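Here is how the chains run, residue by residue.
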Amino acid sequence: MSQSVKAWTRPHDWAEVVLGVVLALSTIVAETSAAAAWTMVILGALIAIDGLVSLAIPDMVYGEWAQLVLGVLVFISPWVMGYADLTGAAWTSWVIGVLTVAAGATALPVATSAHRTAGQH
């Protein structure tokens, strides 16, 4: 069984879990507004949960697409939710957003390959 099909082994998905946890917990140290804090905690939790699900079910391709969408949402959230002037929170969102998109984009071909492999009998 290749590493891409074996559960709990893909580094991209572990990176997604870590990125989500960092985003959610960054509200402890970064100056935030209520909107920023809720946005960062909720999106961070969703990123981490999706990463865990992708780790448990490695051939689930739509989980990687969800990561891409979540990464974009995190990146645009400082402007949409009105906290672009809170430097720490905004930069955290921008960096985590870009890294989440990168992790999801890197994991997408791996998940697609695992999906194809899992579908063969």
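Here, every reference points to the structure presented above.
In this text, all values refer to a predicted model and were calculated from it rather than measured experimentally. (Residues numbered from 1 in each chain as written. Predicted model: local features only at pLDDT ≥ 70, side-chain atom pairs only at ≥ 80, totals over all residues. Heavy atoms only, no water.)

Colleague: Mind showing me how you'd approach the packing of helix α2 (residues 34–56) against helix α3 (residues 61–80) here?
Modeller: Helix-helix packing is characterised by the crossing angle of the two axes and by the distance between the axes. For the pair α2 and α3, the least separation of the axes is 10 Å and the interaxial angle reads 165 degrees. Taken together, the axes of α2 and α3 lie roughly antiparallel to each other. Remark: the crossing between α2 and α3 carries left-handed chirality. Every residue of α3 that contacts α2 at Thr39, Leu43, Leu46, Ile47, Asp50, Gly51 and Ser54 is listed here: Gly63, Glu64, Ala66, Gln67, Leu70, Leu73, Val74 and Ser77. The residue makeup of the contact of α2 with α3, split by class, is seven nonpolar, six polar and two charged. (Axes fitted to C-alpha atoms, helices over the stretch in contact; angles between N-to-C directions. Helix = DSSP H or I, 4+ residues; strand = E, 2+ residues; numbered from the N terminus. Parallel < 35°, antiparallel > 145°, perpendicular 65-115°, else oblique. Left-handed = near helix turned anticlockwise from the far one by under 90°. Contact = heavy atoms within 4.5 Å. Nonpolar A, V, L, I, M, F, W, Y, C, P; charged D, E, K, R; others polar.)

Colleague: Just to check I follow, could you spell out the nonpolar core for this structure?
Modeller: Where a protein is soluble and globular, its nonpolar side chains tend to be buried together. Judged by nonpolar contacts, Leu19, Leu23, Ala36, Met40, Leu43, Ile47, Leu70, Val74, Tyr83, Leu86, Ala89 and Ile96 together constitute the single largest core of twelve residues. Within the residue set of this core, elements represented by two or more residues are α1 (11–25), α2, α3 and α4 (87–119). At four residues, α2 tops the list of elements feeding residues into this core. Setting aside residues no more than four positions away along its own chain, Val74 makes contact with Leu23, Leu43, Ile47, Ser93, Ile96 and Gly97. (Core = buried A, V, L, I, M, F, W, Y, C linked by side-chain atoms within 4.5 Å. Buried < 20%, exposed > 50% of the residue type's maximum accessible area, 1.4 Å probe, protein only.)

Colleague: I'm lost on the packing of aromatic side chains in this one. Help?
Modeller: Working definition: an aromatic ring pair is given by the centre-to-centre distance plus the angle between the planes. In total, this model carries four aromatic pairs according to the counting rule given. With centroids separated by 5.2 Å and ring planes inclined at 85 degrees, the aromatic side chains of Trp91 and Trp94 adopt a geometry described as edge-to-face. Placement of both Trp91 and Trp94 in helix α4 is noted, with a separation of three residues, approximately one turn of the helix. One aromatic cluster is present, built from ring pairs that chain together Phe75, Trp79, Trp91 and Trp94. (Phe/Tyr/Trp six-rings, centres within 6.5 Å; stacked < 30°, edge-to-face > 60°.)

Colleague: Any chance you could explain the environment of Ala24 here in plain terms?
Modeller: In this fold, Ala24 is placed in helix α1. Ala24 gets classed as buried once you look at its relative accessible area, which sits at 18%. Residues Ala24 and Ile47, 23 residues apart in the sequence, show an inter-C-alpha distance of 9.4 Å.

Colleague: Help me understand the side chain of Thr27, please; the structure alone is not making it clear to me.
Modeller: Residue placement: Thr27 occurs in the loop between α1 and α2. Of the residues examined, Thr27 reaches a relative accessible area of 18% and is grouped as buried. Among the polar contacts listed, one links the side chain of Thr27 to the backbone oxygen of Ala24, at a separation of 3.0 Å. Those residues in contact with Thr27 that lie beyond four places of it in its chain are Thr32, Ala37, Met40 and Val41. (Polar contact = N/O pair within 3.5 Å; in protein donor to acceptor, adjacent residues only side chain to side chain.)

Colleague: Help me understand the side chain of Glu16, please; the structure alone is not making it clear to me.
Modeller: For Glu16, the location among the structural elements is in helix α1. Notably, Glu16 is buried but unbridged: the nearest opposite-charge side chain belongs to Arg10, and the N-O separation is 6.5 Å. Excluding its chain neighbours within four sequence positions, the residues that come into contact with Glu16 are Ile47, Ala48, Gly51, Glu64, Gln67, Ala103, Gly104 and Ala107. (Lys, Arg positive; Asp, Glu negative; His and termini not counted. Salt bridge = Lys/Arg side-chain N within 4 Å of Asp/Glu carboxyl O.)

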